[in-house]
Amino acid sequence: RLTRALAARFERVHGVDISDTMIQHAKERKPVLDKITFFVNPRADLSLLDAFRYDFIFSREVLQHIPTSYQRTYIREFFRLLAPGGLAVFQTVAAVRWRRWLPDRLVEVYRRWRHGSKEFMPMYGIGPKEIRRFCHEHGAVVERWSSSPHPTHASRFRTDTYCVRKLP
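Position numbers for residues count from 1 along each chain, tracking the sequence in the order it is written. In view of the model being predicted, local features appear only for residues whose pLDDT reaches at least 70, and side-chain atom pairs are presented and counted only at 80 or more, with totals across whole chains, interfaces and linings using the full set of residues. Excluded from the side-chain calculations are hydrogens and water; all other atoms, namely the structure's heavy atoms, are used.

### With respect to the overall build of the protein chain
Then comes step 1: Scanning the protein chain from terminus to terminus reveals five helices and six strands.
Then comes step 2: Walking the protein chain from its N terminus toward its C terminus, one meets helices and strands in the order α-β-α-β-β-α-β-α-α-β-β.
Then comes step 3: Dimensions of the protein chain, computed from C-alpha atoms along their principal axes, come out at roughly 45 × 40 × 25 Å.
Then comes step 4: The buried label applies to any residue whose accessible area, calculated with a 1.4 Å probe on protein chains only, is under 20% of its type's maximum; exposed applies above 50%, and partly exposed to all values in between. Buried positions account for 35% of the 168 residues belonging to the protein chain.
Then comes step 5: The contact rule is simple, with two residues in contact once any of their heavy atoms fall within 4.5 Å. Pairs at least 24 apart in sequence give 71% of the contacts found in the protein chain among residues at least 6 apart.
Then comes step 6: Working note: accessible area of the protein chain is about 10900 Å², and carbon and sulfur atoms make up 56% of it.
Then comes step 7: In this tally, Lys and Arg are treated as positive and Asp and Glu as negative; His is ignored, and so are the chain termini. Here the site of a charge means atom NZ of a Lys, CZ of an Arg, CG of an Asp or CD of a Glu. Side-chain charges of the protein chain comprise 30 positive and 17 negative groups, with the mean position of each set lying 6 Å from the other. In DSSP terms, a helix is any run of H or I states spanning at least four residues, a strand is any run of E spanning at least two, and both are numbered starting from the N terminus. For the accessible areas, the method is Shrake-Rupley and the probe is 1.4 Å, while residue cover comes only from the protein chains on display.

### Considering the side chain of glutamine 91
Then comes step 1: Inspection of the secondary structure assignment puts glutamine 91 in strand S4 (residues 82-95).
Then comes step 2: We define a polar contact as two N or O atoms separated by no more than 3.5 Å, with the added condition that, inside protein, one atom must be a possible hydrogen donor and the other a possible acceptor, whereas residues neighbouring each other in sequence contribute only through side-chain atom pairs. Reaching out from glutamine 91, the side chain makes a polar contact with the backbone nitrogen of glutamate 61 at a distance of 2.6 Å.
Then comes step 3: There is a polar contact of 2.6 Å between the side chain of glutamine 91 and the side chain of glutamine 64.
Then comes step 4: Discounting residues that sit within four places of it in the chain, glutamine 91 has contacts with Ser59, Arg60, Glu61, Val62, Leu63, Gln64, Thr159, Asp160 and Thr161.

### Overview of the sheet that holds strand S5 (residues 140-149)
One key point about sheets: their strands pair by backbone hydrogen bonds, in either a parallel or an antiparallel sense.
Then comes step 1: Strand pairing is assigned whenever DSSP identifies at least 2 bridges connecting the two strands. Pairing is mixed in the open sheet, where four strands are placed in the order S3-S4-S6-S5. One side of each edge strand has no neighbouring strand; the edge strands of this open sheet are strand S3 (54-59) and S5. Each strand of the sheet is rotated relative to its neighbour by a mean of 15°, with strand direction disregarded.
Then comes step 2: In this sheet, S4 lies alongside S3 in parallel orientation, the contact comprising five bridges. Looking at the pairing, isoleucine 57 lines up with alanine 88 of S4.
Then comes step 3: Contacting S3, S4, S5 and strand S6 (157-166), helix H3 (residues 68-81) crosses the sheet at an angle of about 160° to S4.
Then comes step 4: Every axis corresponds to a line fitted to the C-alpha atoms, with the helix fit spanning only the stretch in contact, and the corresponding angles, defined between N-to-C directions, vary from 0 to 180 degrees. Helix-sheet contacts for helix H5 (residues 128-137) involve S4, S5 and S6, and the interaxial angle to S5 is about 165°.

### Overview of the packing of aromatic side chains
Then comes step 1: Stacked, edge-to-face and tilted are the three classes for Phe, Tyr and Trp ring pairs, Trp counted by its six-membered ring, which pair at centre distances within 6.5 Å; planes under 30 degrees apart are stacked, over 60 edge-to-face, the rest tilted. Counted according to the given criterion, the structure contains five aromatic pairs.
Then comes step 2: Centre to centre, the rings of tyrosine 110 and tryptophan 113 are 5.8 Å apart; their planes meet at 40°, and the pair counts as tilted. Taken together, the residues tyrosine 110 and tryptophan 113, both in helix H4 (residues 104-115) and three residues apart, mark about one turn of the helix.
Then comes step 3: On the accessibility criterion, tyrosine 110 (46% relative accessible area) is partly exposed.
Then comes step 4: Counting every residue linked through ring pairs, the aromatic cluster contains Phe10, Phe56 and Phe58.

### Some thoughts on the pattern of salt bridges
Then comes step 1: Salt-bridge detection follows one rule: a side-chain nitrogen of Lys or Arg within 4 Å of a carboxyl oxygen of Asp or Glu. In this structure the tally under the stated criterion is seven salt bridges.
Then comes step 2: One salt bridge in this structure joins glutamate 143 and arginine 165, with 2.8 Å as the shortest N-O distance. Residue glutamate 143 is located in strand S5, and its partner arginine 165 is located in strand S6; the two are separated by 22 residues in the primary sequence.
Then comes step 3: By relative accessible area, which is 27% here, arginine 165 ends up partly exposed.
Then comes step 4: Arginine 158 is the partner of aspartate 160 in a salt bridge, and the nearest nitrogen-oxygen pair spans 2.9 Å.
Then comes step 5: In this structure, a network of salt bridges that share partners links the residues Arg72, Glu130, Arg133 and Glu137.

### A look at the packing of H3 against H5
Then comes step 1: At a minimum axis separation of 10 Å, H3 and H5 run at an interaxial angle of 40°. When you trace H3 past H5, the crossing you get is right-handed. Touching Arg72, Ile75, Arg76 and Phe79 of H3 are Glu130, Ile131, Phe134 and Cys135, all from H5.
Then comes step 2: Classifying every residue of the contact of H3 with H5 gives five nonpolar, no polar and three charged. The crossing is said to be left-handed when, going from far helix to near helix, the turn is anticlockwise and less than a right angle, and right-handed when the turn is clockwise. Under the grouping applied here, Gly and all other residues not named as nonpolar or charged are polar, the nonpolar ones being Ala, Val, Leu, Ile, Met, Phe, Trp, Tyr, Cys and Pro and the charged ones Asp, Glu, Lys and Arg.

Laid out in structure tokens, this is it:
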């Protein structure tokens, strides 16, 4: 969704999505700029991209919809991909109030029991303490963090946005 806006500011932009359909929609939108390259990535990591190559990585409203173990993998991959001094801006959610005490697996079992096979977009949280630990372990530092109630699920989640710099 944001590749064209980013292309106005950067020499090259890579858009990555798990969905071939979403990539096709992105390519069909006009105008397609030469400096934008789209990648379909069905993997649980970003190994199709080269390490230490990126000055800026942006992810919004993506990580929250994949299980926490995969979020951890992708955030580690952000650190692998960033060039020294590069920035990653990404958003996650963190469970609040009663939801923070319930394991994701239990919530999923309940959801399936209550709603059956109806389409559903799950939410998975990962908190700031863990993000900061990840940064420390992977040679990065959180330069800015903001938190606000989730716009549609405030009783269960808050939205956390991080600006993380990879140390030189």
